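Report on the structure
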Amino acid sequence: MIRSWAPIGVFFILVSGFGIVSLVMSYVFGIKKPNPEKLAPYECGMNPIGTARDRFSVKFYLVAMLFLLFDIEAVFLFPWAVVYRDLKLFGFFEMLMFIVANLAGYVYVWKKGALDWER
């Protein structure tokens, strides 16, 4: 049984080692020239307003989740386009149903006003 778990253990050791080595090398060979601008919380040129503990609107998270939803749609469209000729008419209608379902979700979210930042 241990033979079946050995590749996973080796992979875990390699990944952990890579992470640790990367952090150590960055610390050892990294450029260390602190100045007030680099030590500020933001480097965008604006002074920070408020604290880092401010609450975000729920709409921010909703838009982020919607972005992920429609990004996943694009992830499914690419492999479908690659094998489109092999799937023939069945694959076309299957993907058409998938797009219609996503479009219905998009219209629903749009009608609910989740994409409107002004509210």
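Details of the structure are given in the entry above.
To keep things clear, this report deals only with the structure shown in the data block. (Residues numbered from 1 in each chain as written. Predicted model: local features only at pLDDT ≥ 70, side-chain atom pairs only at ≥ 80, totals over all residues. Heavy atoms only, no water.)

When you go through the protein chain residue by residue, the secondary structure sums to 4 helices and 0 strands. Traced from its N-terminal end to its C-terminal end, the protein chain shows the element sequence α-α-α-α. Radius of gyration (C-alpha) of the protein chain: 24 Å, far over the 14 Å computed for a compact globule of 119 residues. With respect to the principal axes defined by its C-alpha atoms, the protein chain has extents near 60 × 55 × 30 Å. Entry remark: accessible area of the protein chain is about 11400 Å², with carbon and sulfur atoms responsible for 73%. Between the averaged position of the 12 positive side-chain charges in the protein chain and that of its 9 negative side-chain charges there is a distance of 5 Å. (Helix = DSSP H or I, 4+ residues; strand = E, 2+ residues; numbered from the N terminus. Rg over C-alpha atoms; globule rule 2.2 N^0.38 Å. Areas by Shrake-Rupley, 256 points an atom, 1.4 Å probe, with all protein chains shown as cover. Lys, Arg positive; Asp, Glu negative; His and termini not counted. Charge placed at Lys NZ, Arg CZ, Asp CG, Glu CD.)

You can see Ile49 is positioned in the loop between α2 (36–39) and α3 (58–82). As for Ile49 and Asn102, which are separated by 53 residues in sequence, their C-alpha atoms are 38 Å apart.

Let us now look at the packing of α3 against helix α4 (residues 84–112). Each pair of packed helices can be described by the angle between their axes along with the distance between the axes. Contact pair α3 / α4: the axes reach a minimum separation of 10 Å and the direction vectors enclose 170 degrees. Relative to α4, α3 is oriented roughly antiparallel. Of the residues in α4, those touching α3 at Leu66, Phe70, Glu73, Phe76, Leu77, Trp80, Ala81 and Val82 are Tyr84, Leu87, Gly91, Phe92, Met95, Phe98, Ile99, Asn102, Gly105, Tyr106 and Val109. Of the residues belonging to the contact of α3 with α4, the class tally is 15 nonpolar, 3 polar and 1 charged. (Axes fitted to C-alpha atoms, helices over the stretch in contact; angles between N-to-C directions. Parallel < 35°, antiparallel > 145°, perpendicular 65-115°, else oblique. Contact = heavy atoms within 4.5 Å. Nonpolar A, V, L, I, M, F, W, Y, C, P; charged D, E, K, R; others polar.)

Next up on the list: α4. The first and last C-alpha atoms of α4 sit only 34 Å apart over 29 residues, clearly below the 42 Å expected at 1.5 Å per residue. Along its length, α4 reaches its greatest deviation from straightness, about 75 degrees, at Phe90. Residues of α4 that are buried include every one of Gly91, Met95, Asn102 and Val109, and no others. In this structure, the buried side of α4 is in contact with α3. Count one or two residues on from α4 and you reach Gly113, which has phi positive near 85 degrees. (Expected span 1.5 Å × (residues − 1). Bend = angle between axes of the 7 residues up to and from the residue. Buried < 20%, exposed > 50% of the residue type's maximum accessible area, 1.4 Å probe, protein only.)

Of note, Asn102 is situated in helix α4. Each residue touching Asn102, except ones within four places of it in the same chain, is listed here: Phe70 and Glu73.

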